[in-house]
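Each chain, written out:
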Amino acid sequence: MVGVDVLVILDGASEPLGGARATSLERASTPALDALAREGTLSRLRMVPAGLAPGSEVAIPTLLGWIPDGTVDRGAIEAAARGIAVAPGERAWRVDAVTPDGDRAGDAATRRAARALQADACAHAVHRLAGHRLLLVGPPPLPAATRAVGLRVWPEGVVISPTLERSTVMVAAIGAAAGIGRLMGARVLTPAGATGGPASDLAAKAACAVQAITGGATRVIVHVGGPDEAAHLLDFEAKVAVIERADRDLIAPLAAAIRRASGTLRVCPDHGCDPATGQHDAHPVPCVRWPGRDLGARGAHGDDPAVTGMRPAADPAGDTQGNGDAAGAAPVSRRLTERAVADLAVTDLMPRLVAA
Ligand SMILES: [Zn+2]
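Residues numbered from 1 in each chain as written. Predicted model: local features only at pLDDT ≥ 70, side-chain atom pairs only at ≥ 80, totals over all residues.

## Observations regarding the overall build of the chain
- When its secondary structure is counted, the chain shows ten helices and 14 strands.
- Each of the 356 residues in the chain was classed as buried or not, and the buried ones make up 47%.
- Once local pairs closer than 6 in sequence are excluded, the contacts in the chain between residues at least 24 apart make up 70%. (Helix = DSSP H or I, 4+ residues; strand = E, 2+ residues; numbered from the N terminus. Buried ≥ 20, exposed ≤ 12 C-beta atoms within 10 Å, placed from the backbone. Contact = placed C-beta atoms within 7 Å.)

Written out as structure tokens, the structure reads:
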């Protein structure tokens, strides 16, 4: 029996390595992830095809097996995330309401912008999404009314097509990941309390995923948006805190469920997002694959050639959280961190998946 294949995506969790500063993954205390790293296989994955801007709309489809060959259509993702119908021959455009300085418009300004756009583009439907985000749906071409001052339209792109097995379950808040999952053919579940932000109810997501596992799902994907959101808010402590909560409230119960059901658990970021700048990055990300063995029962290093040649590293976070000191903790060289995989060869997901 192969068992269930579970993937946890820690959105934007990784960070560029530079200087002496420990990354959020290094600073976070993550006993469950440490155990997965100790018993499983670490790898270093390139998730962003060359020439494309790093972001979830590119990295998550790549991780799930659909390789974008150009800009990915954000409007289609937003529509799918909210169940907004886009009829054959129509398009959806993500439109942001912005201030004269290009910042996110406030609530009243967004409402005014939506009303004005609807009045001018009367053959199209204007939907208000969260915050400053609007969605315009209707026949191409893009209405001239979107060129009004105070609006910024996301570029059209290639629409993600269904490639996932229909039995795939994705647990995600209402947002880009949910839209990607739905376009790719997954059944998307959003438990109450799942917000996609740093305060999202991750225990509720875990319960939802465990229910899918015990119900016989063969592939379960859980998206955690909090690390990316915290990094965009330039909030170092919130980013570490949400990674620690993901470890305790989501990864630990998922590992326990997989131990009972048999299967594998993979955990990785989709792309980097630096809390010092709030910017995404396209660097390869660390990934751990745990083959469902008893946590703590053994210290196997897996058989992936990617992990051979790994050498112990100095403890870069030794003066912060002291992860390497606690009894039973994984050595720093075998944690899910950017530094722990820095010497591994990069696994390029693109050619491997295209060839598969
Ligand atoms: Zn982001």
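Text resumes after the structure shown.
## Description of helix 4 (residues 74-81)
- Of all eight residues that make up helix 4, eight are buried, and the element is covered over most of its length.
- Buried within helix 4 are the following residues: R74, G75, A76, I77, E78, A79, A80 and A81.
- Contact partners of the buried residues in helix 4: helix 3 (56-64), strand 3 (91-97), strand 5 (133-138) and helix 6 (176-184).
- Where helix 4 ends, the next residue or the one after it, G83, has phi of about 70°, a positive value.

## Describing the packing of helix 2 (residues 31-39) against helix 9 (residues 236-261)
- Remark: helix 2 packs on helix 9, axes separated minimally by 8 Å, with the N-to-C direction vectors making an angle of 40°. As far as their axial angle goes, helix 9 and helix 2 are oblique. Two secondary-structure elements touch here, helix 2 through P31, A32, L33 and L36 and helix 9 through D247, I251, A252 and A255.
- Residue composition of the contact of helix 2 with helix 9, grouped by class: seven nonpolar, no polar and one charged. (Axes fitted to C-alpha atoms, helices over the stretch in contact; angles between N-to-C directions. Parallel < 35°, antiparallel > 145°, perpendicular 65-115°, else oblique. Nonpolar A, V, L, I, M, F, W, Y, C, P; charged D, E, K, R; others polar.)

## Concerning the confidence of the model for the chain
- Per-chain confidence: the chain averages 87 in pLDDT, with 86% of residues scoring 70 or above.
- Every residue in residues 296-328 scores below 50 in pLDDT, and together they form 52 contacts with partners more than four places removed in sequence or on other chains.
- Predicted confidence is poor over residues 352-356, with pLDDT under 50, and the contacts of this stretch with residues over four places away or in other chains come to three contacts. (pLDDT = per-residue confidence, 0-100.)

## Details of unusual backbone geometry
- Here the amide bond leading from P140 into P141 is cis, since omega sits at 0°, within 30 degrees of zero.
- Along the polypeptide, P141 turns up in the loop between strand 5 and strand 6 (151-153).
- Phi is positive for L234, close to 60°, though the residue is something other than glycine.
- Here L234 is to be found in the loop between helix 8 (226-232) and helix 9.
- One non-glycine residue with positive phi stands out, namely S262, at about 70°.
- For S262, the position within the fold is in the loop between helix 9 and strand 10 (263-268).

## Side note on the sheet that holds strand 2 (residues 41-46)
- As summarised here, the arrangement of the eight strands in space is 8-7-9-1-10-13-2-14, forming an open sheet in which the pairing is mixed. Two strands in the sheet have a free side with no partner beyond their single neighbour: strand 8 (187-189) and strand 14 (347-348).
- Sheet topology note: the strand 10/strand 13 (residues 285-290) ladder contains three bridges and is antiparallel. In the sheet register, V267 faces strand 13, and the bridge partner there is V288.
- Packing of helix 6 onto the sheet brings it into contact with strand 7 (168-171), strand 8 and strand 9 (219-224), and relative to strand 8 it is tilted by some 155°.
- Across the face of the sheet, helix 9 comes into contact with strand 1 (4-10), strand 9 and strand 10 while running at roughly 175° to strand 1. (Pairing = 2+ DSSP bridges.)

## Considerations on the nonpolar core
- Judged by nonpolar contacts, the single largest core of 96 residues is most densely connected at V8, L36, A209, V220, L254 and V267.
- The biggest single contributor to this core is helix 9, with eleven residues.
- Two domains each provide a minimum of three residues to this core, namely domain 1 (5-71 + 160-355) and domain 2 (76-153).
- Sequence-distant contacts of V220, that is, excluding residues within four places in its chain, are made with V4, V6, V169, A209, A212 and I213. (Core = buried A, V, L, I, M, F, W, Y, C linked by C-beta atoms within 7 Å. Domains from an automatic or database assignment.)

## Some words on the packing of helix 3 against helix 6
- Where helix 3 meets helix 6, the closest approach of the two axes is 10 Å, and the angle between their N-to-C directions is 40°. Taken together, helix 3 and helix 6 sit at an angle that is classed as oblique. Every pair of crossing elements has a handedness; the one defined by helix 3 and helix 6 is right-handed. Here S56, E57, I60, P61 and L64 of helix 3 come into contact with helix 6, specifically with A176, A177, I180 and M184. (Left-handed = near helix turned anticlockwise from the far one by under 90°.)

## As for the pairing of strand 4 (residues 125-128)
- Looking at chain direction, strand 4 and strand 5 are connected through four bridges and run antiparallel. Opposite H127, over in strand 5, you have L135 as the bridge partner.
- Hairpin connection from strand 4 to strand 5: four residues lie between these consecutive antiparallel strands, with G131 at a positive phi of about 60°.

## Here we look at the sheet that holds strand 4
- Ordered in space as 4-5-3-6, the four strands form an open sheet in which the pairing is antiparallel. Here the strands that pair on one side only, and so sit at the sheet edges, are strand 4 and strand 6. For this sheet the average axis-to-axis angle between neighbouring strands, irrespective of direction, equals 30°.
- The sheet contact formed by strand 3 and strand 6 spans three bridges and is antiparallel. Residue pairing across strands places D96 opposite R152, the latter belonging to strand 6.
- Packing against the sheet, helix 4 makes contact with strand 3 and strand 5, and its axis sits at approximately 95° to strand 3.

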